[in-house]
Amino acid sequence: MNTLEAMAARYSYRGTYQNTPVPREHLMKIMEAGCAAPSGCNLQTTSFIAVDDPETLARLHALLRKPVGITAPAMICVLSQKLPSYHGRYYHVQDYGAAIENILLAITDLGYASCWVEGYVTDEHAIGRKMADILHVPEEYDLVAYLPVGIPAEEGPRVKKKPLTDRAWFNAFRKTQ
Ligand SMILES: Cc1cc2nc3c(=O)[nH]c(=O)nc-3n(C[C@H](O)[C@H](O)[C@H](O)COP(=O)(O)O)c2cc1C
């Protein structure tokens, strides 16, 4: 699968997973893809914890209100550091967005499924902090999202994307030529 094929194949999978472990070698490749992403002023504010220990996974899953990916044999937890960058601006959110997309593409390329789960982690219930505490993450890092990893048990539904002509143009706004 080349990069363009991986982009087309990636989608958010919320179904059940096969009970097949993800080899450490693959989890390393997936995290390497995250580390290869660009970051504002090269501050590399995003870091990752791959969780494949069943007991730790069960403790993390117990915190979740929506069971997205809870049958997956592994999970990448995405950590972000809010570091000041250029002229006092902050790019940590852009940084972890780029890193997560790299990770999702690597997951797809290796034949696994995933879903970017952030909403349920960072809302008013602050589940991310509780997950971070289980993983001994220091206070200066935020756990901003988790990404299940595993072989999907079935094909999941795909969302409809808007037509290209509604979102991408040439030379001027809404100009198609
Ligand atoms: C910032 C962000 C937060 C997201 N949070 C969640 C989430 O909490 N739960 C979930 O099921 N999907 C979440 N998603 C996945 C989106 O719902 C999904 O990407 C979108 O519906 C488009 O579908 P696709 O990924 O299949 O193209 C999130 C995606 C992004 C980019």
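You'll find the structure just up there.
Residues numbered from 1 in each chain as written. Predicted model: local features only at pLDDT ≥ 70, side-chain atom pairs only at ≥ 80, totals over all residues. Heavy atoms only, no water.

Describe the overall build of the protein, listing the residues and the values that go with them.
Across its full length, the protein carries six helices and three strands. Secondary structure elements of the protein, listed N to C terminal, follow the sequence α-α-β-α-β-α-α-α-β. Rg of the C-alpha trace for the protein: 17 Å, near the compact-globule value of 16 Å for 177 residues, within the 12% margin. Reported as C-alpha extents along the three principal axes, the dimensions of the protein are approximately 55 × 45 × 35 Å. Here the protein holds 177 residues, and the buried ones make up 40% of them. Looking at the protein alone, contacts between residues at least 24 apart form 77% of all its contacts between residues at least 6 apart. Carbon and sulfur atoms make up 55% of the accessible area of the protein, which amounts to about 10500 Å² in all. (Helix = DSSP H or I, 4+ residues; strand = E, 2+ residues; numbered from the N terminus. Rg over C-alpha atoms; globule rule 2.2 N^0.38 Å. Buried < 20%, exposed > 50% of the residue type's maximum accessible area, 1.4 Å probe, protein only. Contact = heavy atoms within 4.5 Å. Areas by Shrake-Rupley, 256 points an atom, 1.4 Å probe, with all protein chains shown as cover.)

Please provide a residue-by-residue account of the packing of aromatic side chains, values included.
Going through the model one piece at a time under the given rule, you end up with three aromatic pairs. Ring plane angle 90° and centroid distance 5.1 Å describe the contact between Tyr13 and Tyr17, whose orientation is recorded as edge-to-face. Classification of Tyr17 as buried rests on a relative accessible area of 7%. (Phe/Tyr/Trp six-rings, centres within 6.5 Å; stacked < 30°, edge-to-face > 60°.)

Got a sec to walk through the sheet that holds strand 1 (residues 46–51)? Specific residues and values, please.
Reading across from one edge, 1-2-3 is the order of the three strands in this open sheet, with antiparallel pairing throughout. This sheet does not close on itself; its edge strands, each paired only once, are strand 1 and strand 3 (142–149). Strand-to-strand twist of the sheet, defined as the mean angle between neighbouring strand axes without regard to direction, takes the value 20°. Judged from the six bridges that link them, strand 1 and strand 2 (residues 74–80) form a sheet pairing that is antiparallel. Paired with Val51 across the bridge in strand 2 is Met75. (Pairing = 2+ DSSP bridges. Axes fitted to C-alpha atoms, helices over the stretch in contact; angles between N-to-C directions.)

So, the site of the ligand: which residues are in play, and what are the values?
Around the ligand, the surrounding shell consists of Arg10, Tyr11, Ser12, Arg14, Cys115, Trp116, Val117, Glu118, Gly119, Tyr120, Val159 and Lys161. Measuring from an oxygen atom of the ligand, one finds a side-chain N or O atom of Arg14 at 2.6 Å. Here a nitrogen atom of the ligand and a backbone polar atom of Trp116 are 2.9 Å apart. Classifying every residue of the shell around the ligand by side-chain character gives six nonpolar, two polar and four charged. (Near = heavy atom within 4 Å. Polar contact = N/O pair within 3.5 Å; in protein donor to acceptor, adjacent residues only side chain to side chain. Nonpolar A, V, L, I, M, F, W, Y, C, P; charged D, E, K, R; others polar.)

Please provide a residue-by-residue account of the packing of helix 2 (residues 24–35) against helix 4 (residues 92–109), values included.
Each packed pair of helices is defined by two parameters, the angle between the axes and the distance between the axes. In the contact formed by helix 2 and helix 4, the axes pass within 7 Å of each other and the chain directions differ by 145°. Read as a crossing pair, helix 2 and helix 4 show a hand that is right-handed. Between helix 2, through Ile30, Ala33 and Gly34, and helix 4, the contact on the second element is made entirely by Ala99, Asn102, Ile103, Ala106 and Ile107. Residues of the contact of helix 2 with helix 4, tallied by class, amount to six nonpolar, two polar and no charged. (Left-handed = near helix turned anticlockwise from the far one by under 90°.)

Break down the environment of Arg158 for me, with residues and values.
Within the fold, Arg158 resides in the segment after strand 3. Between the C-alpha atoms of Arg158 and Arg10, which are 148 residues apart in sequence, the distance is 9.7 Å. Not counting chain neighbours up to four residues away, the residues in contact with Arg158 comprise Ala8, Ala9, Arg10 and Tyr11. Polar side-chain contacts of Arg158 include one of 3.1 Å to the backbone oxygen of Ala9. A distance of 3.1 Å separates a polar atom in the side chain of Arg158 from a polar atom in the side chain of Glu155.

Describe the pattern of salt bridges, listing the residues and the values that go with them.
According to the stated counting rule, one finds five salt bridges in the structure shown. Measuring nitrogen to oxygen at the nearest pair gives 2.5 Å for the salt bridge that ties Arg65 to Asp123. A residue pair is termed long-range when its members are at least 10 positions apart, and Arg65 in the loop between helix 3 (54–61) and strand 2 and Asp123 in the loop between helix 5 (119–122) and helix 6 (127–134) qualify at 58 residues. Residue Asp123 is classed as partly exposed on the basis of its relative accessible area of 21%. (Salt bridge = Lys/Arg side-chain N within 4 Å of Asp/Glu carboxyl O.)

Shape descriptors only; they carry no functional weight alone.
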